[in-house]
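For reference, the chains in residue letters:
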Amino acid sequence: MPEMNMVQAINDALRLEMRRDARMVVMGEDVGKVGGVFRVTQGLWDEFGDDRVIDTPLSEGGILGTAIGMALYGMLPVPEIQFADFIYPGYDQIVSELAKLRWRSGGEYPAKMVIRTPVGGGIRGGLYHSQSPESLFIHVAGLKVVCPSTPHDAKGLLLASLRDPDPVLFFEPKRIYRASRGEVPEGDYTVDLSRARVAREATSGRAAVTILAWGAMLYEAVAAAEKAAEQGVECEIIDLRTLWPLDLDTIIASVKKTGRVVVVHEAARTCGFGAELVALVNEHAFDHLEAPPARVTGFDTPFPYTLEMEYLPLSHRILPAVLETARY
């Protein structure tokens, strides 16, 4: 089984599906000859040409509006938004049109597409290249939201997203594009869009804490869990993978097992997805909680340039929350 990083795994999924489905078109700024700013689409233009790998103008609203029109006519567009921060000029197209077309037409006009975009910090990109806007789209009915943490899942989740009947926001954590490596099966496979993954299981009888994480923060959660284990606290880590629809059953089963939960995400704290996760845990597992749920997140400020490592909820910020929750 070959070893790949996340860039290679996503590229492999795109290539595989373009060969399988002639309706699929990749489009976006510099996705063609250049292969995208992170080279995720590199080589696709060489194989599929101008008709199926389309360099677009610098207009996110135009990219997404055009892609929606393509989808209405039966094509499978896969627009890339160069950075998630640039998606806001096309937000109205996504939430007012794409998310609603299937429902407003009674299923007569489904608009199937997958919007790929890099998210999060880790490249010192500052406030215009580092945001994590997942909660803005999870809130909108009609959309699915995916954020992989491993190359294996990136390929399998992307293939599943491309074949799912609903429009999907596919968020790619740029910090681990090349830092995360792992075995990725050759050929075709999918990862269920509705299932989370137990990335680290709590098996001992010691004090235990459930950590909910996704994307690049999974690795920070693992690092914190290893340090917590040295102090007698075992962590069970749930990699959400698909943020919406949420695998609530796996989350609640873990919380009932440990009695404690810490949520980690890069986005700002207020109205971040962690708030919804805490609410769901309280609604479905309140009687099993031994401590108040905790959140370790970005701050309620614009994403900084020079203080990036202070803003991100890295392992040194996660560990105290885990220990405090365990010893409550």
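Up top is the structure.
Below or above, wherever it landed, is the structure these notes cover. (Residues numbered from 1 in each chain as written. Predicted model: local features only at pLDDT ≥ 70, side-chain atom pairs only at ≥ 80, totals over all residues. Heavy atoms only, no water.)

1. Here's the deal with the overall build of the protein chain
Part 1: If you tally the helices and strands in the protein chain, you get 12 helices and 14 strands.
Part 2: For the protein chain, whose C-alpha radius of gyration is 20 Å, the value lies close to the compact-globule estimate of 20 Å for 328 residues.
Part 3: Counting only C-alpha atoms and orienting by the principal axes, one finds that the protein chain spans roughly 60 × 40 × 40 Å.
Part 4: Residues counted as buried form 58% of the 328 residues belonging to the protein chain.
Part 5: In the protein chain, the proportion of contacts linking residues at least 24 apart, taken out of those at least 6 apart, comes to 82%.
Part 6: Accessible area of the protein chain: about 13400 Å², with a carbon and sulfur share of 52%.
Part 7: Of the side chains in the protein chain, 33 bear a positive and 44 a negative charge, and the two mean positions are spaced by 2 Å. (Helix = DSSP H or I, 4+ residues; strand = E, 2+ residues; numbered from the N terminus. Rg over C-alpha atoms; globule rule 2.2 N^0.38 Å. Buried < 20%, exposed > 50% of the residue type's maximum accessible area, 1.4 Å probe, protein only. Contact = heavy atoms within 4.5 Å. Areas by Shrake-Rupley, 256 points an atom, 1.4 Å probe, with all protein chains shown as cover. Lys, Arg positive; Asp, Glu negative; His and termini not counted. Charge placed at Lys NZ, Arg CZ, Asp CG, Glu CD.)

2. Digging into the pairing of strand E11 (residues 233–239)
Within a regular beta strand, the side chains point alternately toward one face of the sheet and then the other, so they alternate between its two faces.
Part 1: E11 sits mainly inside the fold: 7 of its 7 residues count as buried.
Part 2: Pairing of strand E9 (residues 197–200) with E11, which is carried by 3 bridges, proceeds in the antiparallel orientation. Bridge assignment links Arg-200 to a residue of E11, and that residue is Ile-237.
Part 3: For strand E10 (residues 207–213) and E11, the ladder comprises 7 bridges, and the chain directions are parallel. Paired with Leu-212 across the bridge in E11 is Ile-238. (Pairing = 2+ DSSP bridges.)

3. Topic: the sheet that holds strand E14 (residues 294–298)
Part 1: The mixed open sheet is built from 5 strands, whose spatial order is E9-E11-E10-E13-E14. Both edges of this open sheet fall to E9 and E14, since each of them pairs with a single strand only. Ignoring strand direction, the axes of neighbouring strands in this sheet form an average angle of 25°.
Part 2: Packing against the sheet, helix H8 (residues 217–230) makes contact with E9, E10, E11 and strand E13 (261–268), and its axis sits at approximately 165° to E11. (Axes fitted to C-alpha atoms, helices over the stretch in contact; angles between N-to-C directions.)

4. Quick look at the side chain of Glu-134
Part 1: Topologically, Glu-134 is positioned in helix H6 (residues 134–138).
Part 2: The side chain of Glu-134 sits in the buried core without any salt bridge; Lys-174 is the nearest counter-charge, 10 Å away.
Part 3: Contacts of Glu-134, omitting those with residues within four sequence positions, involve Val-145, Phe-171, Trp-214, Leu-243, His-265 and Ala-267. (Salt bridge = Lys/Arg side-chain N within 4 Å of Asp/Glu carboxyl O.)

5. Side note on the packing of aromatic side chains
Part 1: One pass over the full model with this rule turns up 8 aromatic pairs.
Part 2: Here Arg-102 stacks its cationic end above the ring of Trp-103, 5.6 Å away from the centre of that ring. (Phe/Tyr/Trp six-rings, centres within 6.5 Å; stacked < 30°, edge-to-face > 60°. Lys NZ or Arg CZ within 6 Å of the ring centre and 35° of its normal.)

6. A closer look at the packing of helix H1 (residues 6–20) against helix H7 (residues 151–163)
Part 1: Viewed as axis vectors pointing N to C, H1 and H7 meet at an angle of 30°, and their least axial separation amounts to 8 Å. When the axis of H1 is compared with that of H7, the two are roughly parallel. Classified by chirality, the crossing of H7 by H1 is right-handed. Of the residues in H7, those in contact with Met-6, Ala-9, Ile-10, Asp-12, Ala-13, Leu-14, Leu-16, Glu-17 and Arg-20 of H1 are Pro-151, Ala-154, Lys-155, Leu-158, Leu-159, Leu-162 and Arg-163.
Part 2: Of the residues assigned to the contact of H1 with H7, the class counts are 11 nonpolar, no polar and 5 charged. (Parallel < 35°, antiparallel > 145°, perpendicular 65-115°, else oblique. Left-handed = near helix turned anticlockwise from the far one by under 90°. Nonpolar A, V, L, I, M, F, W, Y, C, P; charged D, E, K, R; others polar.)

7. Details of the state of the cysteines
Part 1: Evaluated as defined, the whole model comprises 0 disulfides.
Part 2: Residue Cys-147 stays outside any disulfide, its sulfur separated by 20 Å from that of Cys-271, the closest cysteine.
Part 3: The class for Cys-271 is exposed, based on a relative accessible area of 65%. (Disulfide = S-S within 2.5 Å.)

8. Regarding a negative patch on the surface
Part 1: Among the surface-exposed residues, Asp-30, Asp-50, Asp-51 and Asp-55 lie close enough to one another that they form a single negatively charged patch.
Part 2: By the secondary structure assignment, Asp-50 is in the loop between helix H2 (44–48) and strand E3 (53–55).
Part 3: Here Asp-50 falls in the exposed class, since its relative accessible area comes to 54%. (Patch = residues over 30% accessible without salt bridge, like charges linked within 9 Å, V, L, I, M, F, W, Y side chains within 5 Å.)

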